[in-house]
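# Structural characterization, general
Below, each chain spelled out in residue letters.
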Amino acid sequence: MLVPGLFLFSFVSGVAAAAAAQVELRLSPRSALLSRAFSAFVVFEVLLVVPVSLYFYVFHGDWTLLYVVDARHVPSALAVLLFAIEVAIGVGGFAAAAALVRGQRRTLAYVLAGAVSTVMFLGVALLSARMSVVGTYGQFRGGFGLRSWTETAVLPGVVAMLAVLLLGLAFLIVRIVASSRRTA
């Protein structure tokens, strides 16, 4: 999973969580960022999305950063800042969708999630040349020693981590919907 893709996934997850929390958000006068749904979303971000991002950064850093920079030369403080930005992007998605849900425009929240998902998939298509090979930053820049991503540990990592993220997101949505029904 690439950094831009993980950022967009975080945003879409926030939108989906807020859309699922429509009952709670419409009934409560409190800020959306003080809702139980938001708390559950932050737990999802911190316990699933950030660790998955960390896995890819640590084990496939140059590939995850699209060979734009050498992962070995990224200061750890900057990496931590990137993970914090990832969570902030998810929070932004939740806040944007919560405003739409409270304004009786939940359909626009779904449109927003669909549009961002489309950008995510278009990005994968546009970056497929960079994503299809695995090596170090130097190998990519020099054009030598690269292997197909299907022949490396990247493929099983992507499959496993994508499954974890999608199952976690599905559980989050079910949990939020069930919680909202109890409060209604």
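Reference entry: report on the structure contained in this document.

Rules behind the numbers
- Residues numbered from 1 in each chain as written.
- Predicted model: local features only at pLDDT ≥ 70, side-chain atom pairs only at ≥ 80, totals over all residues.
- Heavy atoms only, no water.
- Helix = DSSP H or I, 4+ residues; strand = E, 2+ residues; numbered from the N terminus.
- Phe/Tyr/Trp six-rings, centres within 6.5 Å; stacked < 30°, edge-to-face > 60°.
- Buried < 20%, exposed > 50% of the residue type's maximum accessible area, 1.4 Å probe, protein only.
- Expected span 1.5 Å × (residues − 1).
- Arc of directions from axis to C-beta.
- Contact = heavy atoms within 4.5 Å.

### Remarks on the environment of glycine 92
Mapped onto the elements, glycine 92 comes out in helix 5 (residues 76–102). Through-space distance from the C-alpha of glycine 92 to that of arginine 141 is 35 Å; in sequence the pair is 49 residues apart.

### Description of the packing of aromatic side chains
All told, the structure shown has eight aromatic pairs when counted by the stated rule. Ring geometry for tyrosine 55 and phenylalanine 59: centres 5.2 Å apart, planes at 45 degrees, overall tilted. In this pair, tyrosine 55 and phenylalanine 59 are both assigned in helix 3 (residues 36–59), four residues apart and thus about one turn of the helix distant. Exposure remark for phenylalanine 59: the relative accessible area of 57% places this residue in the exposed category. Taken together, Phe38, Phe41, Phe44 and Phe94 form an aromatic cluster joined through their ring pairs.

### Here we look at helix 6 (residues 106–126)
Think of an α-helix as 3.6 residues a turn; residues three or four steps apart then line up on the same face. The first and last C-alpha atoms of helix 6 sit 30 Å apart over 21 residues, in line with the 30 Å expected at 1.5 Å per residue. If you check which residues of helix 6 are buried, you get Ala109, Ala113, Val116, Ser117 and Met120. Across the axial projection of helix 6, the buried residues extend over an arc of 100 degrees, all falling on one side. When the buried face of helix 6 is taken as reference, the exposed residues oriented beyond 90 degrees from it are Thr107 and Leu126. Summarising the contacts, the buried residues of helix 6 are in contact with helix 1 (3–20) and helix 5.

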